[in-house]
Structures are given as structure tokens and as C-alpha cells.
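Understanding the architecture of this molecule
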Amino acid sequence: MARYTGPVEKLERRLGADLGLKGERRLSGKDALSKRPFAPGQHGQRRAKISEYGLQLREKQKAKFMYGLNEKQFRNLFKEASRKDGNTGSIFVQLLEQRLDNVVYRMGFATTRRFARQLVSHGHILVDGKRVDIPSYRVFPGQKVEIIEKSKENPQITRAVDLTAQTGLAPWVDVEKDKKFGLFTRIPEREEIQIPIEERFIVELYSK
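A few points on the structure. (Residues numbered from 1 in each chain as written. Predicted model: local features only at pLDDT ≥ 70, side-chain atom pairs only at ≥ 80, totals over all residues. Heavy atoms only, no water.)

Regarding the pattern of salt bridges
Taken as a whole and judged by the stated rule, the model has 14 salt bridges. The salt bridge partner of Lys144 is Glu146, with a shortest N-O separation of 4.0 Å. Owing to a relative accessible area of 29%, Lys144 belongs among the partly exposed residues under this scheme. Taking relative accessible area as the criterion, Glu146 reaches 13% and is therefore assigned buried. Between Glu192 and Arg186 there is a salt bridge, and its shortest N-O distance comes to 2.7 Å. (Salt bridge = Lys/Arg side-chain N within 4 Å of Asp/Glu carboxyl O. Buried < 20%, exposed > 50% of the residue type's maximum accessible area, 1.4 Å probe, protein only.)

With respect to unusual backbone geometry
Phi at Asp128 takes a positive value of approximately 50°, unusual for a residue other than glycine. Tracing the chain through its elements places Asp128 in the loop between β1 (125–127) and β2 (130–131). (Helix = DSSP H or I, 4+ residues; strand = E, 2+ residues; numbered from the N terminus.)

Quick look at the environment of Lys79
Inspection of the secondary structure assignment puts Lys79 in helix α5 (residues 71–83). Classification of Lys79 as partly exposed rests on a relative accessible area of 42%. Considered as a pair, Lys79 and Tyr206 are 127 residues apart in the sequence and their alpha carbons are 9.1 Å apart.

A closer look at the packing of helix α4 (residues 52–67) against helix α10 (residues 199–206)
Direction vectors running N to C along α4 and α10 enclose 115°, while the axes themselves pass 8 Å from each other. Of the possible angle classes, the one that applies to α4 and α10 is roughly perpendicular. You can see that α4 and α10 cross each other, and the crossing is left-handed. Here Glu52, Tyr53, Leu55, Gln56, Leu57, Glu59, Lys60 and Ala63 of α4 lie close against α10, whose contacting residues are Phe201, Ile202, Glu204, Leu205 and Tyr206. Here the contact of α4 with α10 is built from residues that sort into eight nonpolar, one polar and four charged. (Axes fitted to C-alpha atoms, helices over the stretch in contact; angles between N-to-C directions. Parallel < 35°, antiparallel > 145°, perpendicular 65-115°, else oblique. Left-handed = near helix turned anticlockwise from the far one by under 90°. Contact = heavy atoms within 4.5 Å. Nonpolar A, V, L, I, M, F, W, Y, C, P; charged D, E, K, R; others polar.)

This is the structure:
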């Protein structure tokens, strides 16, 4: 299944959650979900009862679209989480947070994960001094992530840094904004990761 490339604000309204897909508009409070917090379409304001399977599928869709994974990537990452000791749902979310595109986003170098993924795939990111162009690359505690020298004055990156400076950064990254680099200091606890996803429904979905 291909990665979703359609209108993201309609998607957020349909799923009823801010998935961070529209960065600058979201940060300024001008996103469509804030103005119209109901599903798009003629019958969007109707409250339809959702089934248990519907709840499970909705949470899976939220996670897929928020982190920008296709079906195969999502399933493989979940399988990896299920093989580890501990709470599968929490481990799954932690693995999502360790993706390089997500770390770039968490460090404030991009206003959306989609833009962060673009920065990575176009070769604008170094990890421990080496160029990495794989968005799914897993970042481990202690690794340094930085913007390549010739891209540090990129106006989109500079704008992202300015905007995220107003909202704050994740506590598990340590960033030098002026120098456009940061350290992934630790794997966050699930309770620290503020996302509108209830991963227990995803676990239930894949446990059938």
C-alpha cells in the first residue's frame, strides 16, 4: 500500500486528531481541524457509532499517517516490537520515535514529519558526521544529528527552528539551534510522548 499523498487536513478531520501533518498552519492555530472539528463532507457532523474494529483501525491509521509509514513498514515495525520483552504498544511507539525523520522533526528542524522525511531523503542530514538518506534509519541514544553545512541557512529550516522555539522541544533531544545540530539523548518513556494515539487498539488489531 502506497504512502498517503492526499489532502492532509481532510484526513485529520476525518480521524478527529491533530496528526502534525500541517506544520505552520497548525502552530499558528489556523489549521482546518481547529476551525471545523468534525469529519469533512455533507454528513460530517453526524455522530455515527463506531465498532470495536473501527476503533482499532482508526488508531492504526492515525499512527501510520502521523509517522508517514506505508503498510509494510508499519507491520514490520510492529512485529519487531512484539518480539521484544515489555509492553508491545509502548515499545512500538518508542521505535517510531527513533526513526531519523521523526528525530529531525522532534529537534525542530522541520515543522512536519513529512518535511523532515524530505530533508533526510534529499541528503540534508548527517548522523555522527555521516550523511544518511534513509528516513527509517534508527537513531540511538548519544548519536548526533545535524543539518549539512550548505543547508544550515535554508529558509524553510530556519523558519521551522524559529517556530518550534516558541512551542518547545521534546525533552529527550538536546539541540543547538544556532548551529543546527542536536543529540538524541535517550529513548523516551511512553508517558512523555504526547501523541493522539491509543496504541492498545493497534495491539488488539494485530493480535487477532
